[in-house]
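Fold and geometry: a report
So the chains spell out like this:
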Amino acid sequence: MTATDDSTEKSETTTLQAADVSATDLDPDLPRVLAKVPGTVWVVAFIAAAERFTYWGITTPWQNYMQNPSGHKSLPGALGLGEAKASTIYNVFMFFSYLTPIPFAIISDVYLGRYRTLRLSLIFYLIGVTFGGLIAAMVLIGLAVGGVRATVTPLMMDQYAPTEVKVTTLPNGKQVVYDRGLTTQYIYNAQYWLVNIASLSAIPTTFIEKNVSFWAAYLLPSCFLAAGLVFLILGQKRFRKLPPTGNILPKAGSVLSCAIRGRFQLDAAMPSYQREHFAKDVSWDETFVNEIRRGLVACRVILGFILFFTCLSQASNNLISQAGQMKTYGIPNDTITAMNPIFCVIMGPVIQKGLYPLLNKKNVKFQSITRMAMGFITMSASMAFAAGVQKIIYNTGPCYDRPLACPGAEGGRIPNQVNVFLQTPTYIILAVAEIFSFVTLSEYTYTKAPTDMKAVVQALGQLGAAAGSAIGIAITPLAHDPSLIWMYTGLAVAMFLVAVVFWILFKKYNAIDREDK
């Protein structure tokens, strides 16, 4: 049942205050359905999609632009830096763009609010995509991406205001519960589906890059970004805009300081504990301490994603280069990476509308930590398959483990005779991993974050991605032939081990989440 279906059905609704719900008030066996989703949620989701259209349309051609020389016989290029240097520069950009959400999150939560910070970020973005020079564009886009990442998802979820628990009797006499958690999961998955459709911008821009020029390839995404900014400005009176709450970071720091002095126990920061042991009145209440406790849970979970982000970044650099070593049948090698969002678009509804409801119907608790751990294992499988593809490339002529570099390549015109669509399973598995893990992380960090620190905790998730990019920079010495197979194999093994440790350390939070609900 969709949110629209729910809103149009004639039903008798019994409303219970959330605080009053108990085992006797609300039957735990009642079916859960989606609540109505406000239209402004989808407007912000469109703005997020427009930004992703721009991001992938702009950045996907960068690997070719940096790696290959101008006038290359088979691949577009400009700078001729080689794969290792191009991947290093790209990873430095990624690292920078993952650091910038933190200052923008503080600006958002403390000074400007999410709406105005997002608007400022999109203006920076538009300047960056139209500014001449690769490095200047990378700096401006990196700043703007940080602002968007820190604000667009919290602003979207702000539009779905907290509501009362509702038990509805349908015309057939069946009672159901409008489930906020289920609706939140639906919104995040729908947004993820939209942004992956938008990420298909890599297809037209890479064809334009190959057949026209780089500047023409960048014109299309620039127009979409301008459209997103116009929608944001025109809809400003309709958005639910929570005001900045002032700087609560010092208060949060004081709570953590009390916890550290109390042997790393947050209970030591409780007002009652401070009064009893130190005869001291503090400026916070128990609710704030408990919010910090939940936020710290999210931060610990984020640490498990560091290597996940390293693996995910391979689709933006080394897997593009891998495609360039294979028979592409006239398709630009950096277009092949569009299979990632294509399969995210396909698999998203399959998982959201098929797998999750099926598991729910069978009473299988496929909760957040479980989904993330399963995503880690799936990501490991994706890297293992990429290693297998690289092995096949090295076992095939004309150049074997020196693709495009032997006399038989005719100056880089003849790749090793391996069909590029052998990469397809890599991208299918990668898409499933993203849906299980990355979407769930966004949902988890928003719901666990303290009310006044939503953007900050969301931005902390990007620090994990920054650390992942740092690892990507560290392993770039392996990003050359014939060592690539060992790079993919190492990532696969390490990701599997991370999945096991992650599950052992964090599976207890599934039970805690069930108790909270």
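Parameters at a glance
- Residues numbered from 1 in each chain as written.
- Predicted model: local features only at pLDDT ≥ 70, side-chain atom pairs only at ≥ 80, totals over all residues.
- Heavy atoms only, no water.
- Helix = DSSP H or I, 4+ residues; strand = E, 2+ residues; numbered from the N terminus.
- Rg over C-alpha atoms; globule rule 2.2 N^0.38 Å.
- Buried < 20%, exposed > 50% of the residue type's maximum accessible area, 1.4 Å probe, protein only.
- 1 Å grid on protein atoms, 1.4 Å probe; cavity = no way out; pocket = protein on both sides within 12 Å on 5 of 7 lines; lining within 4 Å.
- Points joined across faces, edges and corners; volume = space filled by probe spheres on them.
- Phe/Tyr/Trp six-rings, centres within 6.5 Å; stacked < 30°, edge-to-face > 60°.
- Domains from an automatic or database assignment.
- Contact = heavy atoms within 4.5 Å.
- Buried area = accessible area lost by both parts, 1.4 Å probe.
- Polar contact = N/O pair within 3.5 Å; in protein donor to acceptor, adjacent residues only side chain to side chain.
- Nonpolar A, V, L, I, M, F, W, Y, C, P; charged D, E, K, R; others polar.
- Core = buried A, V, L, I, M, F, W, Y, C linked by side-chain atoms within 4.5 Å.
- Disulfide = S-S within 2.5 Å.
- pLDDT = per-residue confidence, 0-100.
- Salt bridge = Lys/Arg side-chain N within 4 Å of Asp/Glu carboxyl O.

Below, the discussion takes up the overall build of the chain. The secondary structure content of the chain amounts to 21 helices and four strands. The globule rule puts the C-alpha radius of gyration for 517 residues at 24 Å, and the 24 Å found for the chain is close to it. Its C-alpha atoms give the chain principal-axis dimensions of roughly 80 × 60 × 50 Å. The burial tally for the chain puts 53% of its 517 residues in the buried class.

Now for empty space enclosed by the protein. Counted according to the given criterion, the structure contains two cavities of 30 Å³ or more. Empty space within the largest cavity amounts to approximately 850 Å³. Looking at the largest cavity, it is lined by 38 residues, and the ones nearest its centre are Arg52, Arg149, Tyr192, Val195 and Phe438. Sorting the residues of the lining of the largest cavity by element identifies α2 (39-59), α4 (83-99), α7 (134-158), α8 (180-198), α14 (306-312), α16 (339-361), α18 (424-448) and α19 (454-474) as the ones contributing at least two each.

On inspection of all chains with the given rule, the structure shows 24 aromatic pairs. The interplanar angle of 70° and the centroid separation of 5.4 Å between the aromatic rings of phenylalanine 305 and phenylalanine 308 together place this pair among those described as edge-to-face. Judged by relative accessible area, phenylalanine 305 falls into the buried class, the value being 0%. Aromatic side chains tyrosine 356 and phenylalanine 366 sit 6.0 Å apart centroid to centroid with 50° between the ring planes, which places their arrangement in the tilted category. Of the two residues, tyrosine 356 is situated in helix α16 and phenylalanine 366 in the loop between α16 and α17 (368-394); the sequence distance between them amounts to 10 residues.

Bringing the layout of surface pockets into the picture now. Where empty space is left in the structure can be found by rolling a water-sized probe over the atoms. Here the second largest pocket defines a volume of roughly 330 Å³. Elements with a contribution of two residues or more to the lining of the second largest pocket: α3 (62-67) and α15 (318-324).

Now for the domain arrangement of the chain. Structurally, the chain comprises domain 1 (25-246) and domain 2 (285-516). Here the C-alpha centre of domain 2 lies 18 Å away from the C-alpha centre of domain 1. Every contact between the two is made by 52 residues of domain 1 and, on the other side, 55 residues of domain 2. Counting each side, the surface lost to burial between domain 1 and domain 2 is near 4700 Å², with a carbon and sulfur contribution of 63%. Joining domain 1 to domain 2, the criterion identifies 12 residue pairs in polar contact (both at pLDDT 80 or more). Elements with a contribution of two residues or more to the side of domain 1 that touches domain 2: α3, α4, α5 (101-112), α7, α8 and α9 (202-211). With 11 residues, the top contributor of residues to the side of domain 1 that touches domain 2 is α4. When grouped by side-chain class, the residues that make up the side of domain 1 that touches domain 2 number 26 nonpolar, 18 polar and eight charged.

Our focus in this paragraph is the nonpolar core. By size, the foremost hydrophobic cluster in this structure holds 112 residues, and its most contacted members are Trp62, Tyr125, Ile141, Val301 and Met379. There are two domains that each give this core at least three residues, and those are domain 1 (25-246) and domain 2 (285-516). Contacts of valine 301, omitting those with residues within four sequence positions, involve Ile369, Met372, Leu441, Tyr444, Phe502 and Phe506. Counting 19 residues, the second-largest nonpolar core is a separate cluster that includes Met270, Val282, Phe288 and Ile292.

In this section: the state of the cysteines. A full pass over the atoms with the stated rule returns one disulfide. The residue that forms a disulfide with cysteine 399 is cysteine 406, at a sulfur-sulfur distance of 2.0 Å. With the S-S bond torsion at -75°, the cross-link from cysteine 399 to cysteine 406 turns out left-handed. Taking the relative accessible area as the measure of exposure, cysteine 399 reaches 5% and is therefore buried. Taking relative accessible area as the criterion, cysteine 406 reaches 18% and is therefore assigned buried. Summary of cysteine pairing: cysteine 258 is not part of a disulfide, and the nearest cysteine sulfur, belonging to cysteine 299, is at 18 Å. For cysteine 258, a relative accessible area of 5% corresponds to the buried category.

Turning to the environment of methionine 94, a few remarks are in order. Of note, methionine 94 is situated in helix α4. Taking C-alpha positions, methionine 94 is 28 Å from valine 41, a pair spaced 53 residues apart along the chain. Ignoring sequence-local partners within four residues, the contact set of methionine 94 consists of Tyr55 and Ser469.

Let us now look at the confidence of the model for the chain. Across the chain, pLDDT averages 84, with 91% of residues at or above 70. When pLDDT is averaged over each element of the chain, α17 comes out on top at 96 and helix α1 (residues 3-8) at the bottom at 38. Note on residues 1-24: pLDDT under 50 across the span, and 45 contacts to partners over four residues away in sequence or across chains.

Close approach of charged atoms allows side chains with opposite charge to pair. In total, this model carries six salt bridges according to the counting rule given. Glutamate 443 is the salt-bridge partner of arginine 371, the closest N and O atoms lying 3.5 Å from each other. Taken together, the positions of arginine 371 in helix α17 and glutamate 443 in helix α18 put the pair 72 residues apart, joining distant regions of the chain. In this structure arginine 371 comes out as buried when scored by relative accessible area, which is 4%. Between arginine 413 and glutamate 410 there is a salt bridge, with the nearest N and O atoms lying 2.2 Å from each other. Under the relative-accessibility criterion, arginine 413 is labelled partly exposed at 42%.

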